[in-house]
Every structure is written in structure tokens, then in C-alpha cells.
Amino acid sequence: MYDFEYHKPGSLADAVKLLSADPDARPISGGQTLLPALKHRLNKPTSVVDLSGIAELRGIKREGNKLVIGALAKHVEVATSPEVKAAIPALAQMAGTIGDTQVRNRGTIGGSVANNDPAADYPSAVLGLNATIVTDKRRIAADDFFQGMFTTALEPGELLVAIEFPIPEKAGYAKMRNPASRYVMAGAFVAKTGGAVRVAINGAGPGVFRQTEMEKALTANWSPDAVAGVKQDADGLNSDIHGSAEYRAHLVTVMAKRAVANAG
Amino acid sequence: MPQVTLTVNGKTSTVDVEGRTLLVELLREKLRLTGTHVGCDTSQCGACVVHVDGESVKACTILALQANGSQVTTIEGLAKPDGTLHPMQEAFREYHALQCGFCTPGMVMSAIDLVQKHPDGMSEKEIREGLEGNLCRCTGYHNIVKAIAAAQEVMHGRAQSLAPAAE
Amino acid sequence: MNVVTPFEGIGASVKRKEDLRFLSGRGQYTDDINRPGQTYAAILRSPHAHARITSIDTAAAAAMPGVVAIFTGADMPDLGGIPCGWQIHNKDGTPMAEPMHPVLAVGKVRFVGDAVAAVIAETRAQAKDAAEAIQVEYEVLPAVATLEAALAPGASLVHDDVAGNVCYDWHIGDRTVNEAAFAKAAKVIEFELVNNRLVPNAMEPRAAIGDYDPTTEDYTLYTTSQNPHVIRLLMGAFVLHLPEHKLRVVAPDVGGGFGSKIFHYAEEAIVTWAAGRVKRPVKWTAERTESFITDAHGRDHVTKARLAMDADGKFLALHVQTLANMGAYLSTFATSVPTYLYATLLSGVYATPTVYAEVKAVFTNTVPVDAYRGAGRPEATFLLERLVDVAAAETGMDRVEIRRRNFIPADAFPYQTPVALQYDSGDYQATLDQALEAAGWAGFEARRAEAKARGRLRGIGISTYVEACGIAPSAVVGSLGARAGLYEVGTIRVHPTGSVTVLTGTHSHGQGHETTFAQLVTDRLGVPLAQVDVVHGDTAKIPFGMGTYGSRSLAVGGSAMVKAMDKIVAKAKRIAAHLMEASVEDVEFDRGTFRVAGTDKTKSWAEIALTAYVPHNYPIEELEPGLDETAFYDPRNFTYPGGCHICEVEIEPETGITTVVNFTAVDDVGRVINPMIVEGQVQGGVAQGIGQALLESCVYDSEGQLVSASFMDYQMPRANDLPMVSVATHTTLCTHNPLGVKGCGEVGAIGSPPAVINAVVDALKEYGVRHIEMPATAAKIWGIINASRPAMAAE
């Protein structure tokens, strides 16, 4: 790891000031992705801004027909939160399968979503549930937020504050893990919210994406069988030593089917 | 140089660190608590697991400065001052759940957190899933799973002894 | 008073003596050791698989904070190359190609990870920072990353002076007899398979600390080694030219080895040599990514085989042609693995009258390949046990029956194979019967049907194997090219109050020698286990030793201890005879008590020990004081553990995921000293075997970049990937060592891979699968299923 300065601001405003003043500063929350990257010297920040002391980024609460989760909510908190379990059990279930126990004890939802690793779990929930990303400056719809591998709509110095999840009628998630890294090899988050169906696919492609054919099929008939016949095109999907694009395409259908079954 | 003040195994220390110093480096190199090991550089093997404020974390994936003000427990801090082992340590010995011993400190620390988070007890499958973040190359996990299964009964007060019913 | 002494001798599952320190965080692994004034080394490594070094500029790096010194290959003109310990001869009698392996690269780099420069600095981070600042210009050359590429006509040469990249072209067996047998065959099975390359991945990364005392000119190396005396010999005599009395090698607690810590590595020489140059201790510790590209890898064979059978399914002849990957340089025992540890096992448990094997060892631009748990024997077993299953399938024979029909019968021992070895004992029918019973073989079809009803493909596989441990005798291995003896050394040091310290030349890095070796002493001398300590891993303490590999520790090291104890008992009896005024022939000794036969005259162990050291009433004219004996033991033969492994799997057709649902191992490891430890060894070995069969895959791309270079891409078996493993033993005693032991460290990794793959192939039998290469990943299995029945793809 290259050396850097460490800051721990006490307020959102101070954090934004630090990050805006230095384009090579990086925010850190749980650090479960950033620190391994820094250890491999893939990144050379001048300073690291620890967000963990910022109260505005905390909290999980239900507001009407929305669930608002602060950026600093750890995976273990989302997995065990009574509010999340009651409102969106699929989200709690997903959080309980991210990484391993120790990752869940440190990693945060804000960090995961802002990082937008194609093989991460949360982006598919955010996209599938049509959540809104709340930053220190604005509100961003999920469809606009994710812009491909490790890329989001966040501008330099802009901080993710919270994520607002509309509460769905039904939602379910299923994934196949990469056998080595245990990140997602192919995953599907399905949700029916206010009558609208969304299917978000993670792991299989270079970024999270919506599977519109499956959305149509499920709109017509909400059942595992409805998606079982929908084939994912392998073009553009990831292909590596762990599986071909064709295998991943096949898994997308299998996981979508299971996700619907999990949603009930 | 930045400073970190933290309480490790009940003893409070203030240590000079760099921004980039990891908690595991602070423990091993500054405090000479070498029971916490480093087995990988991708946050996967779990040899470095310690408890920070009661939760298991990978000490290789947290900056020392992020642990400022924390209560840290390492493998060296588990036994009672009179030397009485923690039931999990005892179970690992009883069930031959360690061979080379390198993954053992992290495995024990993870196992304790796992048992504490499951007051109703875990099945064999749940124990195996709970060990997702810890690698062992020696044992095949067979005896680690058995040790944790026995230790959870003692830790939750459902059994007095670790010994298997009949063997 | 009723004192109950728990039985702690041979056969008792006593808890391990070493556990308390490991469980308390008090183990002392190499990286836990810190020497006063210590500096840190970082190694700059080649990013290219094959390149000429055109220049190295260290000036900027040398000016970085904390840098103490920077060394390159040019700074080491007087050092020798890293030696290979076994010389193989070609078919034509000429010696193998043995190119120079410099400590730091000179002229060319030959694999990604090859050491180019060493930076010594005040801190680890500073050393790494400075290593990055070294400017190296490379002229990149075409790389050969696979056996096929290396052997292609006109292939780029890894070593300019090794034509065709061939290290050796060797054979064993009688070709003429073999060909004649094939001519008479009713059926010939032809088969090709790969034994996949593996990364050992002991959980403790390698580390080394060099220390130097300028006043005495003494060097000390602390290193993660399975055999400190061997490192002292190789590094001292061949690389650094240091005499043994000026070089101490300490292998403290070592966090697993599995073969990868046998070999002498460049970093050991670098830190030792550099400590002498900078006059301060130098520590190097591998990061895991560095381990992936520098620890010797294992396996990596490509094999063609032909099996001749008669009309009754009896094996008539076997012909095997194997290509073995050596990597870029010859690691310490690399050359012996695909020859004397592989081809000599190709008779297996079968009475095949003739076996002829040809092995071509090949250089490639990859990490050196050497022994990994099993070393050669898993490759032989995988080939044979897959081949036998294929033969059964293609002749319509039952998989169990074909094995029974060809087994070496229990009354045929000692059995001379056609490939040099003479098996001393074994009972393959018995281990097979016991395993079939334990695994519920007879009831399998019902389980298959039940699984099918749940939409799962269930299969069962069997593997019957023999292996060879405790490589020996020295004279024989010497005639075959070994450049060392393969005896072992044990010292029994009885202290004045009767407690015992054992010094052994073997090394424990997970095997539990501190317990089992103490049990040998308790059993023989009657000294309670708590009063016996075992010391290993330090050339300054242990007279000599060859270390731990090839499951040799108990068979060879334990036997040396027995010989030393024989001397102790003989001398103690003479002391006892003197004290009891009896003739020495009349003194009996049984577990701690000396008795004049047929009388109630006795002396205790403690009295004799004290007398030996306080010789007031002592036969001083005829007997030296003291009770401290050393023995060297050179075995008369290998030992031959064997057994039967049965694996049951379920495949989820939709994803291709294979789950091992049952695993049964019945092994003949000879006499069992500590059943608990034997079971643990087998369970761990089986885990590595299942890892090889289903999960672990070391992949290079065509440019020679290691694609699976971290745990992110190399699938280590996790708890949830493995089943409980049912372990039992069936003993036939080794006939030629005093303990009757055979060895248990590798059987799990040797017997299991073919059992797993045979089960997978069985599960997929409706898809017409003849063979599936390891690892049988979910993606691979789904590919087979999908190719056979495209209609199922989206089900």
C-alpha cells in the first residue's frame, strides 16, 4: 500500500470539503473493497477520508412506502434489521449472503453501491427495486445511477448519503457464486412494485443490467415458469476461467427462475 | 505521525502509525502480538480475524486508524488470566481441529463470533457456511466443524462438557 | 491409593502436546520472529514469462527513504546456482539437461515471478516502495507456457542451451516384453488424460530471515522449511559456499508445507547472503500473490496410456507415455517426481505382468514444478484408477469385479512389480471389502433412484491404490540418481531425573510429531507423555536429518528413534544389572521397570537415569556415564500404504454443481500410533484430493501469465465445499521397519481424486461421458450436460 493521509471528518459537509479539495482523495467506509485494492497498489490516493464518524449517513428507517437505508449501514445491519426484514425480506436475505461474516461486519451498502462492482450483490437490488440514490447534492434514479463496470453517476467529491427503496409487493434474489472469489457469477433480483415488474441481473455482465424480456414475461405471468423459457443472450456477457458467457447466460435464466420462486 | 489509541486484550496502548498501517500490522509489529496471522492479501483466508468491539473482522482489511478507540480482542486475550482456555480453544484441542496451527487463531476468533450470533445453535451446514471467510489447508474442516458444534453447546450453557457422548 | 494412569502409548488417541501454544497464539512461525536491528527485503520480480534483461537501473530506488542496499544478479558472481537434488538419465544413458538456476536472474528471466533484484530497507513498506522504483528494461521473448507449446517444432527455448526444451527423456520397464504382451491382447484400452497443475497454498506464506554475526562469521537462517538440514546442505555447499559449522538453519513452527516447503528457494539464499553484506538481519515474507508465482507448483502431467487385457478381463500389459512439466528451472526434487515417484507406481495394486513407461520432462516459462502432497503417486493412481474404470465400462465388467480379478493377492507378498518396486505387505481385497461395506456400496442404486426423483444425478466412484513412502534405501536411490542419502536421525536424551528429550531430524509442520513421537518413547520406556519433549527444526540442536516429506517421518524418523531407544535400553540394563548385582542377561525391562527375571528385585527408570548421571555406584571401568544415544536409520525398502476410497456425489444438472455427499476412506497405513492424528491426516489429504478433482485449477495464459494468481481465482476448498469424511484403517504391518508403520500423510491426496472423478463420470453415465478432466467444475459439467441435451438448457 502507498502511504496516504487519513482524515475522519465529523460531518457530511467536512467530508465533502475534504474530497472536493483533493481529486486524489478517496472516501472509505467499510473498506472491504478499497483496502484490498490499495494493498495491491492498484490505487494511489493522497488521502483517505473515513466516513464512519458522520451521523447523517447512518440509520435504517421506514418512511411511508419507502425504506431508507443510510450509506453507512453495514451488511450485517441490513441482514438483521427488523425494518428491512419486514419491508423487503429479499434485501435482508441478500445482505446476509454478501462476502463472508467478517466482510458483512465491516462492509457498507453505500460503499458497495458507489463502487458498482459488476460482481457485487447490492446493485441488482437497487436496480431491481427501482431505488433512488440520495447524495449530498441530488437524487438519482437507479436506472441513471449505474453506468457500467465500476462507474456510476456520482461526480468527483459527491457522496452517497442514503438509498430509498420503494417497498415492493414481491421481491426475490438468487445468485450463483464465483467458486473462488465467492463474488457473484450470475445473479437475478426480481421485484414487483406498484404493479411494475423489474428484473436486474448482476455478476454475468460488465455491469448490472435490466432483463426486459423477463420483465415482460413476469408482467404477464408472475411465476418461475414464465422466466424459465426466456433465454439471456450471451453476447457481451463475461467469459473467464470460471465460466463462459454461454454458461453465465444460462445461469441468468436459472437464477431469475429461482429468484421468482424465492419471492413467492 | 498519526497516533492510534486502542485497548487490546484489556490493555490500552497508544501507538504511532502511518496512514496505511493496517490493524494487523499494528498488532503484530507494534504490539508484538504475533498470534494474529496473515495468510493472504485478498481478504479471504481469515488467518487475521480478531474481534473489534465484539465483532469478528479481518485485521488485514481495516486500517489501524479506523480502529482508533476500539476494544480489540486477539487470540492471546481469550484465555482467562489463570490460563483456563475459552471453550472454543478447548474444543479445538479436544476434537483435533488444528494441525499446523496457522489458520487456527483466526478460525477460533471467527468461530466464537459465529456461535455468539447463533444463540439457538447451528447445524453442520450452518457451521460450514459460517466458515466462509476462513481457509484451512490441513484439516479438511471435518474436526473444526465438530469442535464448533461441541463448543456452541457449552458456550450457550446447554452442555457442561465438550466430550462427545460416545466415541 | 488407586492411581489410574491413562494409556498414552502406541495406539492411544492422546490430545496433542503442541496444541496449547497454537491455540494461545504462542506459536513461533518465521514471520513472528524479529531479530534486533532487522531490515526487510522486497524482491522485484519479472512481469514477463520470458525476456532478456537489457538493463537494470537502481539509482532512483537506492535514493528512496529507508533503503539500505539493492542487489541484482550482477552482485553475486561467486554464488552457485540453486541445485537439483536428483539426476535422471535419458533412455540413451546420457544425463538430463540441468541448466543453471541463478539466485537472482542473470541475462534472462524465465517465468513471471523470477527474481530480478532484492531491495533491503528499514521497513517492509519502504523495501516495496523502492523495489517499484527500480527501472528494468526487458526485451520480451516468445513464451512457452504449456507442454504442447514447449514441444512444438521451433518453439522458443527456455534455456538457450537446452534443445527442444527437453530436460530428459526417460523410461522404465522392458519394452520388448511389453510389446509382446500387447500383441497377444484380446482387448486394448487407449486413454489420454491430464493431471491438473496445482498450487500447494500452505496457509503460512513462505518467509526467511538471514542473520549474521561479524565477530564469529556465523550465519543463521530462519526459514519456513520442512527440512532445515537439507537446506543447510544445499544452500551452504552449493550456493553460498559456507561450511556447515558456520551456518545454522532453523525451521521453527511451520504453517503447513504439503511439499512446497521442502525445496531450497532463492529467497533463503538472498536473505542469508544479504545479511552478511549489510551486517544486519534481513527478513523476507511472501505475500500470497507472491506465493502463487514463486512456490513450486504440483502435478501438471499429460499422459497417454494403453492397457492390454485378455478375454477374461485380466490385465496383460500397460504402456504409459507421460509429459511432465518442470517449469522454468529444476526445483530440488522436481526430476524425481515424474520418474521414481510416479512410473514406479504404475503397477498399482494390480498384478499386471509388464509395465513400460516413458516420461519426457519439459521446460516451460512457468513457475518450477515439484513435489506436492503425494508427488507422482497421485498422478499414477489417477491414471490407473480412471483407466480401470474405463476398461470396465468398455468390456462390460463390473467396476469392483475388474479390480478384484486383477489385484495382487494377499498371499503374494513380498510382490515384485515389473517397475522396480517390491511391495512388502498389503491386503487389497480386505481394504476393498471394508470400504464397500462402510460406504453402503450395495445399496447405492436405491440412493441413485431417490436422487433422481429429486432431480439430482447421483454417482459413486471407487479407487483402490497403493503408494510408496519413506523413500529408501540410500544405496538404491543413490544408484537411481539421488544426490543425498535418505536415512533419518534420532537422539534420545534421558535426563538425570528420567525425563526425556527427543531430537529428530524430521520436521513437524502440522503432523503432530511432538505428540506421536513422544508416544513412542512413552510406549517403550514407560516415561509419562508429559515428561517427553520432542525437539526438531534446528541444525544447531539436532545432529542431522533429512526432514519430512513422502510420509517418511514415522517410518524412517520413528525407526531411528527406536534404534536409539534400543541403545538406551541396552545401556540402562547394564546399569540396572550393576545396581541389582545381577547378570545383564537376566535383567528384563518393561515400560519403566527393570527386574531381575523371576525375582521381585526391581529398579525404576528414574533410579537408573539418576545413576547414569550421578555415577557413584557405577561400573565406570566398562561403561561411560550418561544416557544419551543417537541412531541413524537407513530403511531397507519403501513402505507401501494402500487402501480403498469411495466417493458419492450429486450433480445439480441445472447448474452443473457437484456436491460430495459421502466419502469413505479405508487405508492400510501399517501400525497406527495415534488414531486421532491418522484420521486428521487422512481427512486433510482427502480435502486436497477433492480440491484437485473438483475445484483447484492453476491456469496460465498463452503469454505465460498466471491467471489464477490469487484466492480470487484459485479455488481453495472451503468448509462448505467438503463433506464429513469417514475414515477407517485396516492394518497389515510393514515387514521391514521396527514399528511396522507405513505412513499416512499422503494417502488421502493419493487415493481420493480418481474416486471423485469416477463418481462424477458415473453420475453422468446417461450422457455417455468417458472421462472428465480435473477439476470437474460446475461450468465444465454443465457444458457436458448442455452439449448432450440442449433441450435441458433452460429447464
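Higher on the page you've got the structure.
Residues numbered from 1 in each chain as written. Chains lettered and ligands numbered in written order. Predicted model: local features only at pLDDT ≥ 70, side-chain atom pairs only at ≥ 80, totals over all residues. Heavy atoms only, no water.

> So what exactly am I meant to see when it comes to the overall build of chain A here?
Assigned secondary structure in chain A consists of twelve helices and twelve strands. Taken against the 2.2 N^0.38 rule, which gives 18 Å for 264 residues, the C-alpha radius of gyration of chain A at 18 Å falls within 12% of a compact globule. Buried residues in chain A amount to 62% of all 264 residues. Partitioning the intrachain contacts of chain A with sequence separation of at least 6 by distance along the chain shows that 59% fall at a separation of at least 24. Looking at charge distribution, chain A has the averaged site of its 29 positive side-chain charges lying 6 Å from that of its 27 negative ones. (Helix = DSSP H or I, 4+ residues; strand = E, 2+ residues; numbered from the N terminus. Rg over C-alpha atoms; globule rule 2.2 N^0.38 Å. Buried < 20%, exposed > 50% of the residue type's maximum accessible area, 1.4 Å probe, protein only. Contact = heavy atoms within 4.5 Å. Lys, Arg positive; Asp, Glu negative; His and termini not counted. Charge placed at Lys NZ, Arg CZ, Asp CG, Glu CD.)

> Teacher, can you tell me more about the sheet that holds strand S4 (residues 108–109) of chain C here?
Think of a sheet as strands paired side by side through backbone hydrogen bonds, with each pair either parallel or antiparallel. All names here are of chain C. On the basis of which strands lie adjacent, the open sheet formed by three strands has the order S4-S2-S6 and antiparallel pairing. Two strands lie at the open edges of the sheet, namely S4 and strand S6 (135–140), each paired on one side alone. Sheet topology note: the strand S2 (residues 51–57)/S4 ladder contains two bridges and is antiparallel. Directly across from Ala51, in S4, lies its bridge partner Val109. (Pairing = 2+ DSSP bridges.)

> Help me out: how do you make sense of the interface of chain A and chain B in this one?
How big an interface is tends to be reported as the loss of accessible area on association of its parts. Each partner contributes to the interface: chain A provides 28 residues, whereas chain B provides 27 residues. Of the roughly 2,200 Å² buried between chain A and chain B, counting both surfaces, carbon and sulfur atoms make up 51%. Here chain A and chain B share three salt bridges between them. In this structure, the salt-bridge partner of Asp100(A) is Lys58(B), at a minimum N-O distance of 2.7 Å. Our count for the contact surface shared by chain A and chain B stands at 16 residue pairs in polar contact (both at pLDDT 80 or more). For the side of chain A that touches chain B, the secondary-structure elements that each account for two or more residues are helix H2 (34–39), strand S3 (47–50) and helix H6 (101–106) of chain A. Tallying contributions element by element places H6(A) first for the side of chain A that touches chain B, with four residues. Looking at the side of chain A that touches chain B, its residues break down into ten nonpolar, ten polar and eight charged. (Buried area = accessible area lost by both parts, 1.4 Å probe. Salt bridge = Lys/Arg side-chain N within 4 Å of Asp/Glu carboxyl O. Polar contact = N/O pair within 3.5 Å; in protein donor to acceptor, adjacent residues only side chain to side chain. Nonpolar A, V, L, I, M, F, W, Y, C, P; charged D, E, K, R; others polar.)

> Can you help me understand empty space enclosed by the protein in this one?
Empty space left among the atoms is revealed by rolling a probe the size of a water molecule over them. Residues and elements named next belong to chain C. A full pass over the atoms with the stated rule returns twelve cavities of 30 Å³ or more. The calculated volume of the second largest cavity comes to roughly 210 Å³. Lining the second largest cavity are 21 residues, with His101, Phe111, Tyr265, Ala266 and Thr294 positioned closest to its centre. Counted by class, the lining of the second largest cavity contains eleven nonpolar, six polar and four charged residues. Both of domain 1 (33–141 + 203–256 + 261–294) and domain 2 (301–471 + 637–792) provide at least three residues apiece to the lining of the second largest cavity. (1 Å grid on protein atoms, 1.4 Å probe; cavity = no way out; pocket = protein on both sides within 12 Å on 5 of 7 lines; lining within 4 Å. Points joined across faces, edges and corners; volume = space filled by probe spheres on them. Domains from an automatic or database assignment.)

> In this structure, what is going on with a nonpolar patch on the surface? I would like to understand it.
Residues and elements named next belong to chain C. Together, Leu610, Tyr613 and Val614 line one region of the surface with nonpolar side chains, adding up to about 230 Å² of accessible area. By the element assignment, Tyr613 lies in helix H16 (residues 605–613). Given a relative accessible area of 32%, Tyr613 falls into the partly exposed group. (Patch = residues over 30% accessible without salt bridge, like charges linked within 9 Å, V, L, I, M, F, W, Y side chains within 5 Å. Areas by Shrake-Rupley, 256 points an atom, 1.4 Å probe, with all protein chains shown as cover.)

> Please explain the nonpolar core as it appears in this structure.
For soluble globular proteins, the rule of thumb is that nonpolar side chains tend to be buried together. By size, the foremost hydrophobic cluster in this structure holds 192 residues, and its most contacted members are Phe92(B), Ile148(B), Leu346(C), Tyr423(C) and Val760(C). Apart from residues no more than four positions distant in its own chain, Leu346(C) is found in contact with Leu318(C), Val320(C), Val355(C), Ala357(C), Ala380(C), Leu383(C), Leu384(C) and Val419(C). Core analysis: the second largest hydrophobic core is formed by 46 residues, Val14(C), Ala576(C), Val596(C) and Ala612(C) among them. (Core = buried A, V, L, I, M, F, W, Y, C linked by side-chain atoms within 4.5 Å.)

> Just checking my understanding: could you explain the packing of helix H2 (residues 87–94) of chain B against helix H5 (residues 142–155) of chain B for this structure?
A packed helix pair is summarised by two numbers, namely the angle formed by the two axes and the spacing between the axes. All names here are of chain B. It is the contact of H2 with H5, at a shortest axis distance of 8 Å, that shows an interaxial angle of 140°. On the basis of their axis angle, the class for H2 and H5 is oblique. Along this stretch, H2 crosses H5, giving a crossing that reads as right-handed. Packed against H2, whose contacting residues are Pro87, Met88, Ala91 and Phe92, the element H5 presents Ile144, Ala147, Ile148, Ala151, Val154 and Met155 at the interface. In terms of residue class, the contact of H2 with H5 is built from ten nonpolar, no polar and no charged. (Axes fitted to C-alpha atoms, helices over the stretch in contact; angles between N-to-C directions. Parallel < 35°, antiparallel > 145°, perpendicular 65-115°, else oblique. Left-handed = near helix turned anticlockwise from the far one by under 90°.)

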